[in-house]
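Spelled out from the first residue to the last, the chains are:
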Amino acid sequence: MRLLSLEVTNYRNISKAQLEPGRELTVICGNNGQGKTNLLEAIWLLTGGKSFRGGKDAELVRRGETFAVLDAVTLRAWQEDQERDDPSHVRITVGTPDSQRPGRYASVNGTPPKRAAGLAGSFPAVVFDPGHLSLVKGAPEGRRKFLDAALCQLYPGYLATYRRYVRVLQQKNALLRHSANGVERPYAEKCAMLEVLNAELAAQGEAIQKRRREYLALLGPLACANYQELSHGAERMGIRYAAQFEPGGLTECLKQHQSEELRAGQSLCGIHREDIELLLDDHPAKVFASQGQQRSVVLSLKMAEAAAAARITGEHPVLLLDDVLSELDESRKQYLLTRMKEKQTFVTSCDDTAFLKTDGEVYRMDGGVLSKA
Ligand SMILES: Nc1ncnc2c1ncn2[C@@H]1O[C@H](COP(=O)(O)OP(=O)(O)OP(=O)(O)O)[C@@H](O)[C@H]1O
Ligand SMILES: [Mg+2]
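What you see is a predicted model, and the numbers here were worked out from it, not measured in a lab.

### Some points on the overall build of the chain
Stage number 1. Summing up its helical and strand segments, the chain has 9 helices and 15 strands in all.
Stage number 2. Radius of gyration (C-alpha) of the chain: 23 Å, near the 21 Å computed for a compact globule of 373 residues.
Stage number 3. By principal-axis analysis of the C-alpha atoms, the chain measures approximately 70 × 55 × 45 Å.
Stage number 4. Burial statistics for the chain: of 373 residues in total, 52% are counted as buried.
Stage number 5. Put simply, 72% of the contacts in the chain that link residues at least 6 apart link residues at least 24 apart.

Written out as structure tokens, the structure is:
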């Protein structure tokens, strides 16, 4: 996937900017608070997703304005092989609640605007945001989310299966909390209902775990190889799915935990309790990884996410790496500066000097004004 050009109007602190990115690496340098992440965020919106920073759409519009507009020209990489390139013109508008069209809309090649979410899949991108560092030290939920979000993008049916699982799990937890409607049900009735809910949980849970295992089998070796190169072999990354049950074993697992679940008043078993173990030289990264090592692990995972998507869909996502170089030593920085040239990559940095060695496009962002360095 490639972004050929982007014009940004009234987006956050950027009143007007024109970006002509490099084929491979584009670097956006600038001091803190100048609008570098804002520009990456604008590129991310081409995926059709919400901002990776969270928050409301209206916050994307420059204060004092009612509309932000992004005009992009994009190209599917496979089209480069064709005789005639056929770029898409994508326009995204974000309107504040008091504008004529509040919300986030997209129009492709001049079609009438539709909800921007309809763009899903047309501009694949993977973003590294410093907030993702919690993947290493944070709770298992973040790591499951990482897996599930990737799977939702890759397999359209995954989200529906996942939602069904969550709905049944909520029903089961309500039942276990023995406070359903404030009435305690007779024990036998409770067990009969649990049996029905567990059968549904087992069906959906097995399907989810199967996808997660398959995906990790692809992602894991890619991530570990990335880490190996990034760290020049200084330490070895490992990745393991911490499963609660073997394939086909969820029904039995649920049965075994039933009395414990009834006592605890909550569901104790299933894919919502599983985790990804990240290891450095066989020790849990969660406990032992240094700052730079955490960053290296997350970066390796993110680059692997993009490579895995490329293998599955045939389209390599654009990489958006926000503030990725801080805390990395010179050799890791150097590796990234060469490695990131193999696909279209955008990198922001407060350090101007790191990129003097690259032949990528270099821009400066200064108070929302973008200029070629
Ligand atoms: N809707 C908005 N209207 C005007 N300015 C905004 C809006 N939203 C954010 N800003 C401004 O954008 C600036 C932050 O930009 P950004 O986060 O892109 O900085 P950065 O260059 O990535 O900095 P850092 O190096 O610290 O990460 C802040 O000054 C903030 O006040
Ligand atoms: Mg930033």
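### Brief notes about the pattern of salt bridges
Stage number 1. The tally for this structure, following the rule as stated, stands at 19 salt bridges.
Stage number 2. Linking Asp-57 and Arg-104 is a salt bridge whose minimum nitrogen-to-oxygen distance equals 3.1 Å. Placement of the pair is Asp-57 in the loop between α1 (36–44) and β4 (67–75) and Arg-104 in strand β6 (residues 103–108), with a sequence separation of 47 residues.
Stage number 3. The buried category is assigned to Arg-104, whose relative accessible area is 9%.
Stage number 4. Here Arg-295 ties to Glu-327 by a salt bridge, and the two come within 3.0 Å at their closest N and O atoms. You can see Arg-295 sitting in helix α8 (residues 291–313) and its partner Glu-327 sitting in the loop between β12 (318–321) and α9 (330–339), a full 32 residues away along the chain.

### Section: unusual backbone geometry
Stage number 1. Positive phi, normally seen in glycine, also occurs at His-232, with a value near 50 degrees.
Stage number 2. Structurally, the position occupied by His-232 is in the loop between α5 (187–230) and β9 (237–242).
Stage number 3. With a phi close to 70 degrees, Glu-327 is a non-glycine residue in the positive phi region.

### Observations regarding the pairing of strand β5 (residues 88–95)
Along any regular strand, the residues point their side chains to alternate faces of the sheet.
Stage number 1. Where β4 meets β5, 8 bridges bridge the pair, whose relative direction is antiparallel. Looking at β5, one finds that Thr-74 is bridged to Ser-88.

### Here we look at helix α6 (residues 250–264)
Helical periodicity: at 3.6 residues per turn, an α-helix aligns residues three or four positions apart in one direction.
Stage number 1. Residue Gln-258 marks the point of greatest curvature in α6, where the axis turns by about 50 degrees.
Stage number 2. What α6 keeps buried is the set Leu-250, Cys-253, Leu-254, Gln-258, Glu-261 and Leu-262.
Stage number 3. Buried residues along α6 sit in contact with α4 (156–176) and α5.
Stage number 4. Looking at the residues trailing α6, positive phi occurs at Gly-265, about 75 degrees.

### Some points on the layout of surface pockets
Stage number 1. Taken as a whole, the largest pocket encloses approximately 1,400 Å³ of empty space.
Stage number 2. Lining the largest pocket are 48 residues, with Asp-148, Ala-149, Ala-150, Cys-152 and Gln-153 positioned closest to its centre.
Stage number 3. Among the elements of the structure, β8 (125–128), α2 (134–137), α3 (140–154), α4, α5 and α8 are those that each provide at least two residues to the lining of the largest pocket.
Stage number 4. Looking at the lining of the largest pocket element by element, the count peaks at 11 residues for α3.
Stage number 5. Of the residues contributing to the lining of the largest pocket, the split by class is 25 nonpolar, 12 polar and 11 charged.

### Structural notes on the site of ligand 1
Stage number 1. Near ligand 1 there are 16 residues, and of these Gly-33, Lys-36, Thr-37, Asn-38 and Arg-53 occur at the shortest range.
Stage number 2. Arg-12 has a polar backbone atom sitting 3.3 Å from a nitrogen atom of ligand 1.
Stage number 3. Contacts to ligand 1 include Thr-37, whose side-chain N or O atom sits 2.6 Å from an oxygen atom.
Stage number 4. In the complex, 73% of the free accessible area of ligand 1, which totals 660 Å², lies under the protein chains.
Stage number 5. Broken down by class, the residue content of the shell around ligand 1 amounts to 2 nonpolar, 8 polar and 6 charged.

### Things to note about the sheet that holds strand β10 (residues 275–280)
Stage number 1. Taken together, the 3 strands give an open sheet; going across it, the order is β9-β10-β11, and neighbouring strands pair in antiparallel fashion. Only two strands of the sheet have a single partner each, and these edge strands are β9 and β11 (283–284).
Stage number 2. Those strands touched by α5 are β9 and β10, and its axis lies near 170 degrees from that of β9.

### Let's talk about the environment of Val-324
Stage number 1. Here Val-324 lies in the loop between β12 and α9.
Stage number 2. A residue is classified by how much of its surface remains accessible, and Val-324, at 0% relative accessible area, is buried.
Stage number 3. When residues no more than four places from it in sequence are discounted, the contact partners of Val-324 are Phe-128, Arg-295, Leu-299, Leu-336, Val-347 and Thr-348.

### Focus: the side chain of Glu-274
Stage number 1. Within the secondary structure layout, Glu-274 lies in the loop between α6 and β10.
Stage number 2. The side chain of Glu-274 is buried and forms no salt bridge, while Arg-212, the nearest opposite charge, is found at 4.0 Å.
Stage number 3. Among the polar contacts listed, one links the side chain of Glu-274 to the side chain of Tyr-241, at a separation of 2.4 Å.
Stage number 4. Setting aside chain neighbours within four positions, we find Glu-274 in contact with Pro-140, Arg-144, Gln-209, Arg-212, Tyr-241, Ala-242, Ala-243, Gln-244 and Phe-245.

Definitions and limits used
- Residues numbered from 1 in each chain as written.
- Chains lettered and ligands numbered in written order.
- Predicted model: local features only at pLDDT ≥ 70, side-chain atom pairs only at ≥ 80, totals over all residues.
- Heavy atoms only, no water.
- Helix = DSSP H or I, 4+ residues; strand = E, 2+ residues; numbered from the N terminus.
- Rg over C-alpha atoms; globule rule 2.2 N^0.38 Å.
- Buried < 20%, exposed > 50% of the residue type's maximum accessible area, 1.4 Å probe, protein only.
- Contact = heavy atoms within 4.5 Å.
- Salt bridge = Lys/Arg side-chain N within 4 Å of Asp/Glu carboxyl O.
- Pairing = 2+ DSSP bridges.
- Bend = angle between axes of the 7 residues up to and from the residue.
- 1 Å grid on protein atoms, 1.4 Å probe; cavity = no way out; pocket = protein on both sides within 12 Å on 5 of 7 lines; lining within 4 Å.
- Points joined across faces, edges and corners; volume = space filled by probe spheres on them.
- Nonpolar A, V, L, I, M, F, W, Y, C, P; charged D, E, K, R; others polar.
- Near = heavy atom within 4 Å.
- Polar contact = N/O pair within 3.5 Å; in protein donor to acceptor, adjacent residues only side chain to side chain.
- Areas by Shrake-Rupley, 256 points an atom, 1.4 Å probe, with all protein chains shown as cover.
- Axes fitted to C-alpha atoms, helices over the stretch in contact; angles between N-to-C directions.
- Lys, Arg positive; Asp, Glu negative; His and termini not counted.

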